[in-house]
Amino acid sequence: MCNEQPIGFIDSGVGGLTVVKEALKQLPNENILYLGDTARCPYGPRPAQQVIQFTWEMTQFLQKKNIKMLVIACNTATAVALEKIKTTLDIPVVGVILPGSRAAIKATKTKQIGVIGTEGTIKSASYKRVIVQKMPNAKITSLACPKFVPIVESNQFQTSVAKKIVAESLRPFTKQKVDTLILGCTHYPLLRPIIQNVMGTEVKLIDSGAETVGEVSMLLDYFQLANDRPTKDREVAFYTTGSTTMFDRIASEWLDEGSVNSKHIVLGEKNL
Ligand code: DGL
């Protein structure tokens, strides 16, 4: 198989880069297009209808670039928009919630699973629904952490402020013991060392985005869409609706693949 069309990844900002980082490693022949809607980030506190609209706009932008598969590398958008987009597009569409749930079910020994995410993701109860369907006696403790995304987007995720906010936000887990914690927002893996430190080394952290790439790889083969021809100069392109300076700084550091030069684009009639 040698389908050279790109795979599209979308997120509200830089969070989906945690998924792209894994894709760059696991899918070395694939061309990749990434779009972060930084100008309208965070999606977490927004009404579901608005998140659906924004997700559509991102999808349409990448569709025009002839993508062969769409990865909604955002839990908040997956929770409210995946099913609608899946039924409308004629290419495979992958979200991050099912892969994250499967990984947690596999990892837990006590069946006490924690989920952290944005307000929108936690309100949707998507993780809880999926996990309990597959493991009825699982006990799920869900917690919204609205302060985490702004720390990441402002490139403060390695600071003492980040440490303080993470410790305060995760305090409910000192009472509610879990053996597995789902990072149910693709921004959170950038805070992973701090989250692990607060939760303790015995708690297994699940990176929902990274888990998703395994499924993307499998689906590329299943739908005969993979590019199995070794590629020297594959295309990896980044688009943002926000500041390219901040995006490039975070992406270059996080992806560790040389310097990133994103392009600025505008979505919707105006950026709200
Ligand atoms: N990275 C996103 C997620 O996985 C969205 C964060 C936000 O915009 O609030 O949920």
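Please read these numbers as outputs of a predicted model, since none were measured by experiment. (Residues numbered from 1 in each chain as written. Predicted model: local features only at pLDDT ≥ 70, side-chain atom pairs only at ≥ 80, totals over all residues. Heavy atoms only, no water.)

Enquirer: For this particular structure, what's the right way to read the UniProt feature "active site" (unreviewed entry) in the protein?
Expert: Taken from the UniProt record, the annotation "active site" (unreviewed entry) applies to C74 and C185. What stands out for the annotated residues spanning 112 residues is how close their C-alpha atoms remain, the widest pair being 6.6 Å apart. Along the polypeptide, C74 turns up in the loop between strand 3 (69-72) and helix 3 (75-88). By relative accessible area, C74 is classed as buried at 4%. Excluding residues that lie within four positions of it along the chain, C74 makes contacts with I10, D11, S12, Y43, V96 and T186. Mapped onto the elements of the fold, C185 is located in the loop between strand 7 (180-183) and helix 10 (192-199). Beyond its immediate stretch of four places on either side in the chain, C185 contacts N75, I116, G117, T118 and V149. (UniProt positions renumbered as here; feature names shortened; annotations may be inferred. Helix = DSSP H or I, 4+ residues; strand = E, 2+ residues; numbered from the N terminus. Buried < 20%, exposed > 50% of the residue type's maximum accessible area, 1.4 Å probe, protein only. Contact = heavy atoms within 4.5 Å.)

Enquirer: How should I be thinking about the site of the ligand in this particular structure?
Expert: Lining the immediate environment of the ligand, one finds 14 residues, of which S12, Y43, N75, T76 and H187 sit closest. For the ligand, an oxygen atom lies 2.6 Å from a polar atom in the side chain of T76. The backbone of T186 places a nitrogen or oxygen atom 2.8 Å from an oxygen atom of the ligand. Taken by itself the ligand offers 300 Å² of open surface, and the protein chains cover 99% of this. In terms of residue class, the shell around the ligand is built from six nonpolar, seven polar and one charged. (Near = heavy atom within 4 Å. Polar contact = N/O pair within 3.5 Å; in protein donor to acceptor, adjacent residues only side chain to side chain. Areas by Shrake-Rupley, 256 points an atom, 1.4 Å probe, with all protein chains shown as cover. Nonpolar A, V, L, I, M, F, W, Y, C, P; charged D, E, K, R; others polar.)

Enquirer: What is the right way to look at the environment of N155 in this model?
Expert: For N155, the position within the fold is in the loop between helix 7 (148-153) and helix 8 (160-169). Taking the C-alpha atoms as reference points, N155 and A144, separated by 11 residues in sequence, lie 20 Å from one another. Excluding residues that lie within four positions of it along the chain, N155 makes contacts with M246, R249 and I250.

Enquirer: Teacher, can you tell me more about unusual backbone geometry here?
Expert: The phi torsion of most residues other than glycine is negative, and most of the peptide bonds are trans. In this structure, P42 follows C41 across a cis peptide bond, with omega equal to 5°. With respect to the helices and strands, P42 occurs in the loop between strand 2 (32-36) and helix 2 (48-63). Phi at N155 takes a positive value of approximately 60°, unusual for a residue other than glycine.

Enquirer: I'm lost on the sheet that holds strand 9 (residues 236-240) in this one. Help?
Expert: Paired through their backbone hydrogen bonds, the strands of a sheet run either parallel or antiparallel. In space, the six strands of this open sheet follow the order 4-3-1-2-9-10, with parallel pairing throughout. Both edges of this open sheet fall to strand 4 (93-94) and strand 10 (263-264), since each of them pairs with a single strand only. With four bridges joining them, strand 1 (residues 7-11) and strand 3 adopt parallel strand pairing. Paired with I7 across the two strands is M69, which belongs to strand 3. The sheet contacts of helix 11 (residues 208-222) involve strand 1, strand 3 and strand 4, and relative to strand 3 the element is tilted by about 165°. Running at roughly 145° to strand 9, helix 12 (residues 244-255) makes contact with strand 2, strand 9 and strand 10 of the sheet. (Pairing = 2+ DSSP bridges. Axes fitted to C-alpha atoms, helices over the stretch in contact; angles between N-to-C directions.)

Enquirer: What should I look at first to understand helix 11 in this one?
Expert: In an α-helix, one turn spans 3.6 residues; hence positions three or four apart end up facing the same way. The terminal C-alpha atoms of helix 11 lie 21 Å apart, and with 15 residues this matches the ideal 21 Å at 1.5 Å per residue to within 8%. Residues of helix 11 that are buried include every one of S208, G209, A210, T212, V213, E215, V216, L219 and L220, and no others. The opening residue of helix 11, the one whose side-chain oxygen lies 3.2 Å from the backbone nitrogen of G209, is D207. Positioned one or two residues after helix 11, Q224 has a phi angle of 55°, which is positive. (Expected span 1.5 Å × (residues − 1).)

Enquirer: Please clarify how the pairing of strand 8 (residues 204-207) should be interpreted in this entry.
Expert: Direction of pairing for strand 7 relative to strand 8: parallel, over a ladder of four bridges. Note that in strand 8 the partner of L183 across the bridge is D207. Regarding topology, helix 10 serves as the crossover connection from strand 7 to the parallel strand 8, and that connection is right-handed. (Right-handed = clockwise from strand over helix to strand, strands pointing away.)

Enquirer: Looking at this structure, how should I read the UniProt feature "binding site: substrate" (unreviewed entry) in the protein?
Expert: As recorded in UniProt, the sites labelled "binding site: substrate" (unreviewed entry) are D11, S12, Y43, G44, N75, T76, T186 and H187. The named residues occupy 177 residues along the chain; their greatest pairwise C-alpha distance, 12.1 Å, places them in one compact cluster. Relative to the elements of secondary structure, Y43 occurs in the loop between strand 2 and helix 2. Look at Y43 and you get buried, because its relative accessible area is 1%.

Enquirer: In this structure, what is going on with the sheet that holds strand 6 (residues 139-144)? I would like to understand it.
Expert: In spatial order, the strands read 6-5-7-8; together these four strands make up an open sheet with parallel pairing. At either margin of the open sheet sits one strand with a lone partner, and together these are strand 6 and strand 8. Averaged over all pairs of adjacent strands, the angle between their axes in this sheet comes to 20°, without regard to strand direction.

Enquirer: Is there a simple way to think about the side chain of S262 in this case?
Expert: Tracing the chain through its elements places S262 in the loop between helix 12 and strand 10. At a separation of 2.7 Å, a polar atom in the side chain of S262 contacts the side chain of D248. Apart from the residues lying within four places of it in its own chain, the contact partners of S262 are F238, T240, T244, F247 and D248.

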